[in-house]
There are 2 protein chains.
Amino acid sequence: MNETATQWVYSFGANGSEGDSSMRNLLGGKGANLAEMAGIGLPVPPGFTITTEVCSWFYNNAKSYPQTLKAEVEAAVARIEAETGARFADPKNPLLVSVRSGARASMPGMMDTVLNLGLNDATAAGLAARADDTRFAYDSYRRFIQMYADVVMGVDHGLFEDALEEMKLRHGVFDDTGLTGDNLVALVDIYKDIVADESGEAFPQDPGDQLWGAVGAVFTSWMNARATTYRRLNNIPASWGTAVNVQAMVFGNMGDDCATGVAFTRDPSTGENIFYGEYLINAQGEDVVAGIRTPLPLTRTAAQAAETGDVSMEEAMPEVFVQLDTVRTQLEAHYADMQDLEFTVQQGKLYMLQTRSGKRTAAAALRMAVEMAEEGLISRDEALLRLDPVALDQLLHPTLDPDASKTVLTQGLPASPGAAAGEIVLSADRAEELAAGGKQVILVRLETSPEDIHGMHAAAGILTARGGMTSHAAVVARGMGRACVSGAGDLRFDETIGKVYIRDHELSEGDIITIDGGTGEVFSGSVKTIQPEMSGAFATVMAWADDTRRMAVRTNAETPADARTAVDFGAEGIGLCRTEHMFFDVDRIVAMREMIMAADSVGRESALAKLLPMQRRDFEELFTIMAGLPVTIRLLDPPLHEFLPHSADELAEVAAAAGITAETARQRSLKLSESNPMLGHRGCRLAVTYPEICRMQARAIFEAASNVAKGGAEAPVPEVMIPLAATAKELEICKAVIDQEAAAVAGETGISISYLVGTMVELPRAAICADDLAEQAEFFSFGTNDLTQTALGISRDDAGAFMHAYTDAEIYPVDPFVSIDVDGVGALVKMGAERGRSMRSDIKLGICGEHGGDPASITFFEKVGLDYVSCSPYRVPAARRAAAQAAVT
Amino acid sequence: MNETATQWVYSFGANGSEGDSSMRNLLGGKGANLAEMAGIGLPVPPGFTITTEVCSWFYNNAKSYPQTLKAEVEAAVARIEAETGARFADPKNPLLVSVRSGARASMPGMMDTVLNLGLNDATAAGLAARADDTRFAYDSYRRFIQMYADVVMGVDHGLFEDALEEMKLRHGVFDDTGLTGDNLVALVDIYKDIVADESGEAFPQDPGDQLWGAVGAVFTSWMNARATTYRRLNNIPASWGTAVNVQAMVFGNMGDDCATGVAFTRDPSTGENIFYGEYLINAQGEDVVAGIRTPLPLTRTAAQAAETGDVSMEEAMPEVFVQLDTVRTQLEAHYADMQDLEFTVQQGKLYMLQTRSGKRTAAAALRMAVEMAEEGLISRDEALLRLDPVALDQLLHPTLDPDASKTVLTQGLPASPGAAAGEIVLSADRAEELAAGGKQVILVRLETSPEDIHGMHAAAGILTARGGMTSHAAVVARGMGRACVSGAGDLRFDETIGKVYIRDHELSEGDIITIDGGTGEVFSGSVKTIQPEMSGAFATVMAWADDTRRMAVRTNAETPADARTAVDFGAEGIGLCRTEHMFFDVDRIVAMREMIMAADSVGRESALAKLLPMQRRDFEELFTIMAGLPVTIRLLDPPLHEFLPHSADELAEVAAAAGITAETARQRSLKLSESNPMLGHRGCRLAVTYPEICRMQARAIFEAASNVAKGGAEAPVPEVMIPLAATAKELEICKAVIDQEAAAVAGETGISISYLVGTMVELPRAAICADDLAEQAEFFSFGTNDLTQTALGISRDDAGAFMHAYTDAEIYPVDPFVSIDVDGVGALVKMGAERGRSMRSDIKLGICGEHGGDPASITFFEKVGLDYVSCSPYRVPAARRAAAQAAVT
């Protein structure tokens, strides 16, 4: 950067602006928008912005400034003086300015601000005379001294507050407003003494000195502890730096023809296209924020609705209001988005002090996007881009009433959205029992396992001590649409006496808690929740999304209920049916265990024969719901020991069923236990070692498909998925069994079912050797959960111990189980897709990991060119939107 | 293949050969070598080979033959008739032939053979007249009928044996030789009746019919059960097929001027360059093999050494012996390798019936390779290529006496070479106790863990029920040079009463067993072992290897004993020092546990302060032994819970040391337990979450290096290795701590130590993002154990349940933990090496997984261009050789 050739200062005002809103990185958000507003002719007090590049220079050069800065600032001050007619240090018409920070990203309250700069003994007296208001002038002066001394000179602000209290005591008044102008003149002298005593220097009287002191303080505050922490939490790089905005002061507190207020161009809560805001007569902006006086509604309609008898700005200052309402329309049209405004009225004249894109609720964002598109303000594509998919997801679930009072017990991970309150239960059986009796329950567990599924289904919400965003609890809860907070590390259990300890709180079964699966918070007692409402805007925007997106959206589902929910949410088939989830029912687990315990394939086949009709019925139901749509069925995947009996009773039961001794059953259990089950005897390894399992499942699929077709429904398209393959040979072995059964069933029924055989690409080797695998596989479904576990070497069940430290240290910008790690796991997906297509150009490519419901990941999958994403039923709408968004970016 | 244009039959004989030894795939090993021998003018009975392509044709065309085969066979028979003067079915001079199989790979005894083909009623009589020996002719005829009827016509050979017994009884003789010519003439008639009765057909009298029957039988036997099993066990594809060799018979049993024998051109047991073999006068080849008569030594020297008074062939048949000795020299020169020969002398004339490369012991292979290179018979490079590195590894360990009698109890995996006998002990403590009392013990465990190390060290051998070739037991045993059999799935334990059950055998502590870590076999009782002898040839070949290889060879070692052993075996530094192994000593584990249990970093630092001096001493010892050589030290890698206390006593002890309650200690233990520890809170994740651990280790390294340098020894070159990194950021964080400590220690001691900071590439993401990582890392060491676990998604501790099925089904040709999976894991190593070099061209690249000692893997690493391999001390010599071999191929 050339020190003397670079422009370091950008002016704005009625005579035109040197910057505009596109220069956010250079001028900060505030500065860029002030310049933009002034540039389009809105009434903005004149001022200038010292760029963020000066901040970088400042830190790179031992807190010094570029050589040419001083002259540029002096010229910019002169420009303000010319526009306002006021001058620095001119007692007759003193120029006062505010000095504020303004970074690229909003960092509210994190850095320092100095107001009323330019006051000194002479100009304070001049201001008093000019405004004919000694109190106003010296109150401003004493505030300026306190603020400046604190921020720039490091004098403890408590000293000034003590002096103020003493002054009030001396005069027997309780409020600051009780002090007279003379009292404040005296207080200013005391303040100046404090400054001299504490800093060893007199309070600076030269406005130029004051200005440079304030500018330096703002730049220095970029690195203060608060700002540094805020940046870390919000992923804002320190290198961005802050700009400094110097602007002529305007006063909303110079009388009853003065006012100040904030407004939104539409209702940020509902999204309704009304002017929404508050104002205060004869007040400063700080008063609105500080809540010392209750602000009044902006519009007549709002005032009437409030039924408080308050007078709206529309009524009190009709002319200025019309002017402000015009600004509202002008700004929304200009920015094509809902704006959050700050304004001040000084002696009947309107000044705009800030505009920015307004924060809004999920419901409001949806409504505004749809209405703005319908108004022609934005395009449909733009409307889709505007919607935050995480927020969209929340729309489908109950949320906490923001006005309810809450006591936070602890915070875990926001594992599945929605809020739920209920009685604590510590076991799945108990959850089912109480729910059957009409109780609302929260299932609280160290962690959940597939055997808890009935209890999770019965519960309104699930809270676990262990596990990350893709732990069993999280995945299953999202699939079921249950609220879930996982990995709440502060939980301790004493199950013998049915107690849970959360930090210092001791809770028993039956005590009521509330969880917010959208934030991860856990509250004591019952917090009021608000039920979701799907507005017409939802259907509208979903239809737009469907018109726009290229990728299909399927769902991960194995129960008829989930499948139906998903179809209602617009799923276009099943991308992942996890057949193992079908075996945990009470009437099936015994046969399943018998199969596992069998000494040989004859024993296994006899147990499998019992499972066949159940499994066939499962598929018949799914095929009927998904008539004509593709249904991807994954063959048995988890390590067999997940189905093992735990208690002695269960052991005896299965031993009896399998015709073996309890001791043999115990030994077999022991032999099946694994050190790292995630990398163990599971997936297609089961099919290779026990082909009869694969055979039974294939038969159930083809018999079910034939039965549904026979029943007259549109024939389903089964896609048989072989899990955890790493080699073409594994596929060849399993495919042979599947093809054999398909042919056998076709021979028996006379009905030939179209089907595909493919694999889940969830191991690095599978992605690397995808060309080989594609010789056998007719489709790939990327299993990015396991692919993340293996590529990164992280067990998602154990990641809780360090993932927090990892995201804090920006080792991974976000939890890679939540949003795909593009450089590592993403590279494997890309490699797998490319190599798969190189061997089989029409190979169908999908993704069925948890990332299938994550917008950032969906954007990546669009880029790689996958054919579909598959996610849990409740994430289908967000996925449809994200897929559309990805297609237009 | 063009049916009529292809040549299906290749003749050989004194008039020249159509084939040669390069045509092994087409003619089989036997046929190719017969053609070669005939081609270089050796005396080979004429014959022809029907190619392996006919076998393929046979199976692809419903067991029919190519159209032109018949004419080619007839022409080839005519060529034999022309050379020998004998003719099929000519009573005056009948042509007799043998019909034998001969595949590309040797499959001894697996397929069918027919001898003496051509005999019928007329030619038998003619042969009797011509040889003037009725007995010889009819004994040959009855043998032919029995063999042919059995092999070709499916008549039970027991019937012929019964008839023979009856004949002997009738004539009151005990041996076959007691029967006269006339007895045998009568027996032949009985045999022919049996054939007619059993098969419903007369025994074929036409030699042409006989020939086609025998050829069909040989081809059919390619698919018999024995051959199929043998092929499966030896990885021979069925598609190779067998050739059929038809050759004129010669007889070693026509009188005392006849003989038959087998010979090796050098001693296959010691490798000494002497003519080594056995012969029998007036006998058939079968007699030598069957052991009915004891064969006699070939040479005078051997006969004298035997002191049995036997007459050698050199003395008994001096002229033929000289001729045979010439053939020996000629064949060895021709094949440039030790040959295994079969010969027959018929009426004073020598015939060569087979030559092939001879099997040899590891010691013999070594000696021959060195001596042949010194003789100029082969090049040094060729000598290196000749040595089987697995065999070389065996040379360093005791082996079982091949002559000892053995009772096999079970078979596990050959996890660490060497044979060992000793008392069974079931715990590491007991092993140490008994070994201290001078007992030889075998530690028998379900599996081993780091806490068993002292017991493994005390034991002569280790036997485990679980775990694969790279389980903890296997890796540690190889490192220590202890014999180990792992994954012996038949073992069951009842530890309460100190019993082990192996299949039906019940064994107690104190019972003696023997294990062979080279084969995986377990024997009852004490089997005699032979101690290794390192001959001069060993040193010679190692020196050649060192001259030839490009890659350096380092060792994986952490104890001074291992480090010294490795240096003795030629290691050029330490490639992997696993610091966690240093913390299991009784005096250290408590401090280690205290560190883990500490509530905060202050507590951890106080415990680490106790460990620092111990760790520093460890490194001082290693640096002293490795003076001037690089020493790669891996920072603490395993999940902390591996160090956790198990018993209540241990829990109480550590709670006291850490100043916490036993209950808190229990809770903390529970919290540290993991679902998949392999993918858990370990590696650099420990350093990221607990930087004080990294800091202590770095300090210990630099303080130790300074102390050694101060002591005047050549300064060591520490290479600090950060384990399990997946991102550049992890390296950046850890490297900052290491660099800080290095600077701090340099400041305190005034000695500046050169060091490198690098990482272990053991996760797929690390290989994929190796360019990023190389920005931070000055070296990569590929940790192919973990890389295999993650890329293939296989836990090596759990692979036992299915790996056998996987290698059987050829899903992986060999266990990927033994030899690197080139297509998957290898692709990642290649990617990591290339991308690492693209960012940092001089990055040092090594490998320190178990594959560092595997020759096939080393060949791959040479191809990828790694700078060094590192392996356990006992594998260093084999690695040096393999690295050399890789460099010349």
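In the block above lies the structure referred to throughout.
Here the structure is a predicted model, which is why all the values come from computation and not from measurement.

Draft legend 1. Seen up close, the packing of helix α5 (residues 134-151) of chain A against helix α7 (residues 181-199) of chain A. All names here are of chain A. Packing of α5 against α7 leaves a shortest axis separation of 8 Å and a crossing angle of 20 degrees. Taken together, the axes of α5 and α7 are roughly parallel relative to one another. The handedness of the crossing between α5 and α7 comes out as left-handed. Each of Thr134, Arg135, Tyr138, Asp139, Tyr141, Arg142, Ile145, Gln146 and Ala149 in α5 lies in contact with α7, whose residues at this interface are Gly181, Leu184, Val185, Leu187, Val188, Tyr191, Lys192 and Val195. Its residues assigned to classes, the contact of α5 with α7 comprises ten nonpolar, three polar and four charged.

Draft legend 2. Spotlight on helix α8 (residues 207-221) of chain B. Residue and element names in this part refer to chain B. Along its 15 residues, α8 runs 21 Å from first to last C-alpha, staying within 8% of the 21 Å computed at 1.5 Å per residue. When you tally the buried positions in α8, you get eleven out of 15 residues, the bulk of the element. Buried within α8 we find Pro207, Gln210, Leu211, Gly213, Ala214, Val215, Gly216, Ala217, Val218, Phe219 and Ser221.

Draft legend 3. The interface of chain B and chain A, seen in detail. Contact residues are listed per partner, giving 53 residues for chain B and 52 residues for chain A. Here chain B and chain A share an interface that buries about 4300 Å² over both sides, 56% of which is from carbon and sulfur atoms. On the chain B side of the contact with chain A, Asn676, Leu679 and Arg765 of chain B bury the most area, a combined 14% of that side's loss. Its salt-bridge partner being Asp821 of chain A, residue Arg765 of chain B comes within 2.7 Å of it at the nearest N-O pair. On inspection of chain B and its partner chain A, the count reaches 20 residue pairs in polar contact (both at pLDDT 80 or more). Of all the secondary structure elements, the ones that give two or more residues to the side of chain B that touches chain A are α25 (662-672), α26 (684-689), α28 (728-749), α29 (764-768), α31 (784-792), α32 (803-808) and α33 (822-839) of chain B. If one sorts the elements of the side of chain B that touches chain A by residue count, α33 of chain B sits on top with five residues. Along the lines of polarity and charge, the residues of the side of chain B that touches chain A split into 25 nonpolar, 14 polar and 14 charged.

Draft legend 4. Highlighting the pairing of strand β15 (residues 441-445) of chain B. Residues and elements named next belong to chain B. Summarising burial for β15: five of the five residues are buried, a large majority. Every second residue of β15 is oriented toward a common face, with Val441, Leu443 and Arg445 on one face and Ile442 and Val444 on the other, all of them buried. Alignment of strand β14 (residues 419-425) against β15, held across three bridges, turns out to be parallel. Bridging from a neighbouring strand, Ile424 pairs with Ile442 of β15. In this fold, the crossover linking β14 to β15 by way of helix α17 (residues 428-436) has right-handed handedness. Note that β15 and strand β16 (residues 461-464) share four bridges and pair parallel.

Draft legend 5. The arrangement of the side chain of Glu72 of chain A in detail. Residues and elements named next belong to chain A. Take Glu72: it is sitting in helix α3 (residues 69-84). Within the buried core, Glu72 has no salt-bridge partner, and the shortest N-O distance to an opposite charge, that of Arg79, equals 7.3 Å. Among the polar contacts listed, one links the side chain of Glu72 to the backbone nitrogen of Trp8, at a separation of 3.0 Å.

Calculation criteria
- Residues numbered from 1 in each chain as written.
- Chains lettered and ligands numbered in written order.
- Predicted model: local features only at pLDDT ≥ 70, side-chain atom pairs only at ≥ 80, totals over all residues.
- Heavy atoms only, no water.
- Axes fitted to C-alpha atoms, helices over the stretch in contact; angles between N-to-C directions.
- Helix = DSSP H or I, 4+ residues; strand = E, 2+ residues; numbered from the N terminus.
- Parallel < 35°, antiparallel > 145°, perpendicular 65-115°, else oblique.
- Left-handed = near helix turned anticlockwise from the far one by under 90°.
- Contact = heavy atoms within 4.5 Å.
- Nonpolar A, V, L, I, M, F, W, Y, C, P; charged D, E, K, R; others polar.
- Expected span 1.5 Å × (residues − 1).
- Buried < 20%, exposed > 50% of the residue type's maximum accessible area, 1.4 Å probe, protein only.
- Buried area = accessible area lost by both parts, 1.4 Å probe.
- Salt bridge = Lys/Arg side-chain N within 4 Å of Asp/Glu carboxyl O.
- Polar contact = N/O pair within 3.5 Å; in protein donor to acceptor, adjacent residues only side chain to side chain.
- Pairing = 2+ DSSP bridges.
- Right-handed = clockwise from strand over helix to strand, strands pointing away.
- Lys, Arg positive; Asp, Glu negative; His and termini not counted.

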